[in-house]
Amino acid sequence: MGLVAEFKIYCEALPLVDVAAAVPDARVILNLQYNHGKRPLFLITVNGGSEQTLETTLTDTYDVGDWTQIGQAGETRRYQIQPALSFEEQLGDDIDDLTGLEQLATADAFIDRITVEPDGWRQTGWFADREEFSKFSSFWQHNADFQLDRLNRDETPEPPGEGLTNRQYEALRIAYERGYFEIPRQVSLEEIAAELDITASSVTERLRRAQTQLIEETVATTWPTLPASPQ
């Protein structure tokens, strides 16, 4: 029986981590195109953050070669990136077992989502069985810091909102309970910020990311099956 795991790999040497660090208020989702030899093509989707800062960082960072913006819709931008280094070159100074790294690419597993964060990668993956997951997790436990957030059988439904961080969940809960989403609003961002002991801009960021995550887990997974609108 297969497994679905959500986990965090804390490793600042991973590709594009420097980019995420430069725009910490952006959400960076990475897809790897493995049909490009030892240097898989990177496709990233970026929501929010400074476009200028992001693109300046893409130009300047050491592990990014040529890049192109291939689409934009509102605050969401998509880029195609040619990595400047292979994974072995990128991680060689930080990973002891490069042979094990190559073997991970042929494991009976599928990494469904990679979120690039300022201190590593947060991933969701499907694994054929517990042995395959153990190979994967053992490698990263040995070579970096590995944090397992969730491990389910693949037939277990994932409740909407399970992808929220604790801070996002707390901000969303307090905003809802205090009437922030009511019409008219019963509480201001500043009042929520005071209760959480953070700034109003941080509240805005957490709520936006929480709402984006909920949309991706619910609406975004079902809209291809919605009937066409009547003419």
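Thresholds applied
Residues numbered from 1 in each chain as written. Predicted model: local features only at pLDDT ≥ 70, side-chain atom pairs only at ≥ 80, totals over all residues. Heavy atoms only, no water. Helix = DSSP H or I, 4+ residues; strand = E, 2+ residues; numbered from the N terminus. Buried < 20%, exposed > 50% of the residue type's maximum accessible area, 1.4 Å probe, protein only. Contact = heavy atoms within 4.5 Å. Areas by Shrake-Rupley, 256 points an atom, 1.4 Å probe, with all protein chains shown as cover. Core = buried A, V, L, I, M, F, W, Y, C linked by side-chain atoms within 4.5 Å. pLDDT = per-residue confidence, 0-100. Arc of directions from axis to C-beta. Pairing = 2+ DSSP bridges. Axes fitted to C-alpha atoms, helices over the stretch in contact; angles between N-to-C directions.

**Q** Which parts of the structure should I look at to understand the overall build of the protein chain?
**A** A tally of regular secondary structure across the protein chain gives 9 helices and 8 strands. For the protein chain, the proportion of its 231 residues judged to be buried stands at 40%. A fraction of 66% describes how many contacts in the protein chain between residues 6 or more apart in sequence connect residues 24 or more apart. Carbon and sulfur atoms provide 48% of the accessible area of the protein chain, an area that totals close to 13,100 Å².

**Q** What is the right way to read the nonpolar core from this model?
**A** A general trend in soluble globular proteins is that nonpolar side chains are found buried together. Counting residues in each nonpolar core, the largest one holds 37 residues, and the members touching the most others are I9, L16, L30, V116 and W140. Filtering out sequence-adjacent residues up to four positions away, I9 remains in contact with L14, D119, G120, W121, Q123, F136, W140, A144, D145 and F146. In this structure, L172, V187, I192 and V203 belong to the second largest nonpolar core, which totals 12 residues.

**Q** Any chance you could explain the confidence of the model for the protein chain here in plain terms?
**A** Atom-level detail of predicted coordinates should not be read off regions where pLDDT is low. For the protein chain, the mean per-residue pLDDT works out to 81, and 81% of the residues sit at or above 70. The least confident element of the protein chain is helix α9 (residues 219-222), whose mean pLDDT is 46; the most confident is helix α2 (residues 51-60), at 94. Residue range residues 220-229 is modelled with pLDDT below 50. Its contacts to residues more than four positions away, or to other chains, number 2 contacts.

**Q** Explain α2 here, please?
**A** The periodicity of an α-helix, 3.6 residues per turn, causes residues three or four positions apart to be oriented the same way. Looking only at α2, the buried set comprises L54, E55, T57 and L58. Across the axial projection of α2, the buried residues extend over an arc of 155°, all falling on one side. Across from the buried face of α2, at angles greater than 90 degrees, the exposed residues are Q52, T59 and D60. Tucked into the core, α2 has its buried residues touching α1 (17-22), β3 (41-47), β4 (64-73) and β5 (76-83).

**Q** What am I meant to see in unusual backbone geometry here?
**A** Leaving glycine aside, a negative phi is the common case for residues, and trans is the common case for peptide bonds. The peptide bond linking I183 to P184 adopts the cis configuration, its omega dihedral lying at -5°. Checked against the element boundaries, P184 lands in the loop between α6 (166-177) and α7 (189-196). Even without being glycine, L16 reaches a positive phi, approximately 70°. As for its placement among the helices and strands, L16 is situated in the loop between β1 (3-10) and α1. A residue is classified by how much of its surface remains accessible, and L16, at 2% relative accessible area, is buried. The phi dihedral of D197 is positive, around 60°, even though this residue is not glycine. Looking at where D197 falls in the secondary structure, it is placed in the loop between α7 and α8 (200-217). What makes D197 exposed here is its relative accessible area of 70%.

**Q** Which parts of the structure should I look at to understand the pairing of strand β6 (residues 109-117)?
**A** Remark: a regular strand shows side chains that alternate across the two faces of the sheet. Direction of pairing for strand β2 (residues 27-33) relative to β6: antiparallel, over a ladder of 3 bridges. Bridging across to β6, V28 finds its partner in V116. Note: β6 against strand β7 (residues 120-127), 8 bridges, orientation antiparallel. Residue pairing for β7: A109 is matched across the bridge by F127. As consecutive antiparallel partners, β6 and β7 are separated by 2 residues.

**Q** How should the side chain of T115 be read in this particular structure?
**A** Turning to its location among the elements, T115 is positioned in strand β6. Setting aside residues up to four positions removed in sequence, T115 forms contacts with R27, V28, I29, G120, W121 and R122.

**Q** Would you take a moment to explain the sheet that holds β4 for this structure?
**A** Sheet strands line up and pair through hydrogen bonds in the backbone, either parallel or antiparallel. If you walk across this open sheet you meet the 8 strands as β4-β5-β3-β2-β6-β7-β1-β8, and the pairing is antiparallel. Only two strands of the sheet have a single partner each, and these edge strands are β4 and β8 (145-153). In this sheet, adjacent strand axes meet at a mean angle of 20° when their direction is disregarded. Two elements, β4 and β5, share 7 bridges in a ladder whose sense is antiparallel.

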